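These are the residues of each chain, in order.
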Amino acid sequence: MKLRSIELALPDPAGAAAWMVDVWGLFPAEVRGHTHYLRGTGTMPYLVAFEQSDEEFVRSTTFTCSDAELAAIARRVADKGWPACTVTSADPGDGAGLLVELPEGTILRFLAGASQVAPIEGFAKASKRVAPVKLTHVVFNSADAELLGHAVEDVLDFRVSDRTKGMVFVRCNDSHHSTAFARAGFASLNHVAFEMDDLDAVMRGIGWMRDNGFAPAWGPGRHGPGDNVYAYYIAPFGPVIEYSTAVEKVLADYRTGEPDDWTWPEQRIDQWGVSDKDFAGLRVAEERFRCRRDWEAQELAI
Ligand SMILES: [Fe+2]
């Protein structure tokens, strides 16, 4: 199972796509109708889709999986009675599978048979170009993060890697987390994290953003759970986005950490302690994009 992409609807997809290419460092993949698809240097056909809509919302967050994983998810989703429908992807990479609505409304899409593309090689480190590789995690705010952590373990066969005072971190492969649920008191998109090649690439990204007039809303820093380096920004078109790198790989027997395992000295909220966090600005940005279901749930034929 792999996290692949997020599909967002917003009023100006062309403007958002241009900024994500010129400033954030993604590459244009394709435009289909009014939907702009952007990719990284990795093998996913796209990481972000921007679809035209008068309102801002998250259409889906897409995972790719095997036929067997998809069939098992379909069985458990049907047993649980979660809203779901079968879907054939019309996005780059094709594939077919399921749209599933979690408790509190987060919508995930699982596709089997989706194709990948050749990576973009030969990226020149000496250039100013910054180039994300792939998505590394998409985090959601939630009213009841504990409930969601248990729910995705039971129904999607994901595993909770760590619980902190603020988050429930969830993995779907050997990466410490591909998603997480923040204990926010409301449901929405928390942030979208892009994996960079290494620490140097994150730092060059921060420099390139600074050249373009953008300061981090939080970072640079290094998280506790997952051990990844981060720099968070508020995109001009709304959502919180992150340059990240080197999230910890974990084994199947990883001991699930509890909040008491992840405490900080006074004044600290990460391992480095070198930067401030714009709590108020991030909170506003985190409330902008919520998942919206515009499809009818159907009985799954198992
Ligand atoms: Fe993150």
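The rules behind these values
Residues numbered from 1 in each chain as written. Predicted model: local features only at pLDDT ≥ 70, side-chain atom pairs only at ≥ 80, totals over all residues. Domains from an automatic or database assignment. Contact = placed C-beta atoms within 7 Å. Helix = DSSP H or I, 4+ residues; strand = E, 2+ residues; numbered from the N terminus. Buried ≥ 20, exposed ≤ 12 C-beta atoms within 10 Å, placed from the backbone. Pairing = 2+ DSSP bridges. Core = buried A, V, L, I, M, F, W, Y, C linked by C-beta atoms within 7 Å. Axes fitted to C-alpha atoms, helices over the stretch in contact; angles between N-to-C directions.

### Points about the domain arrangement of the protein
- Domain annotation of the protein identifies domain 1 (2-112) and domain 2 (134-286).
- On a C-alpha basis, the centroid separation for the pair domain 1 and domain 2 is 20 Å.
- Residue-level contacts link 32 residues of domain 1 with 27 residues of domain 2.
- Looking at the side of domain 1 that touches domain 2, the elements that each hand over two or more residues are strand E1 (2-10), helix H1 (13-24), strand E5 (57-65) and helix H2 (67-80).
- The element contributing the most residues to the side of domain 1 that touches domain 2 is E1, with six residues.

### A look at the pairing of strand E13 (residues 188-195)
- The buried fraction of E13 amounts to eight of the eight residues, a majority that puts the element mostly inside the structure.
- Alignment of strand E9 (residues 134-142) against E13, held across seven bridges, turns out to be antiparallel. Looking at the pairing, histidine 137 lines up with alanine 193 of E13.
- With four bridges connecting them, E13 and strand E16 (residues 240-245) associate as parallel partners. Within E16, the residue paired with glutamate 195 across the bridge is serine 244.

### Quick notes on the nonpolar core
- Counting residues in hydrophobic clusters, the biggest one holds 80 residues, and the most contacted among them are Leu8, Leu38, Val48, Phe110 and Val168.
- Element by element, the count of residues in this core is highest for strand E15 (residues 229-234), at six residues.
- Among the domains, domain 1 (2-112) and domain 2 (134-286) are the pair contributing at least three residues each to this core.
- Setting aside its immediate chain neighbours within four residues, phenylalanine 110 contacts Phe63, Cys65, Leu70, Ile73, Gly97, Leu98 and Val100.

### Looking at the sheet that holds E1
- One open sheet holds the eight strands; their spatial order is E2-E3-E4-E1-E5-E8-E7-E6, and the pairing between them is mixed. The sheet is open, and its two borders are formed by strand E2 (27-32) and strand E6 (84-88), each paired with just one other strand. Averaged over neighbouring strand pairs, the angle between their axes works out to 20° when direction is ignored.
- Where E6 meets strand E7 (residues 96-101), five bridges bridge the pair, whose relative direction is antiparallel. Across the sheet, residue threonine 86 finds its bridge partner in E7, namely leucine 98.
- Taken strand by strand, H1 contacts E1, E2, strand E3 (35-39) and strand E4 (48-52), and its axis lies near 15° from that of E3.
- H2 contacts E5, E6, E7 and strand E8 (107-112) of the sheet and is inclined by roughly 35° relative to E7.

### Quick word on the sheet that holds strand E12 (residues 179-183)
- Sheet architecture is open: eight strands sit in the order E10-E11-E12-E9-E13-E16-E15-E14, paired in mixed fashion. Whereas interior strands pair on both sides, the edge strands pair on one side only; in this sheet they are strand E10 (159-163) and strand E14 (218-222). The average angle at which neighbouring strand axes cross in this sheet is 20°, direction not considered.
- With four bridges connecting them, strand E11 (residues 167-171) and E12 associate as antiparallel partners. Note on E12: the bridge partner recorded for valine 170 is threonine 179.
- Strand contacts of helix H4 (residues 199-211): E14, E15 and E16, with the helix running at about 25° to E15, the strand carrying the most contacts.

### Overview of the environment of cysteine 291
- Note on placement: cysteine 291 falls in the segment after helix H5 (279-286).
- Overall, the presence of 20 C-beta atoms within 10 Å leaves cysteine 291 in the buried class.
- The sequence separation of cysteine 291 and phenylalanine 50 amounts to 241 residues, and the corresponding C-alpha distance is 14 Å.
- In contact with cysteine 291, other than residues within four places in its own chain, are Phe57, Val58, Gly105, Thr106 and Ile107.

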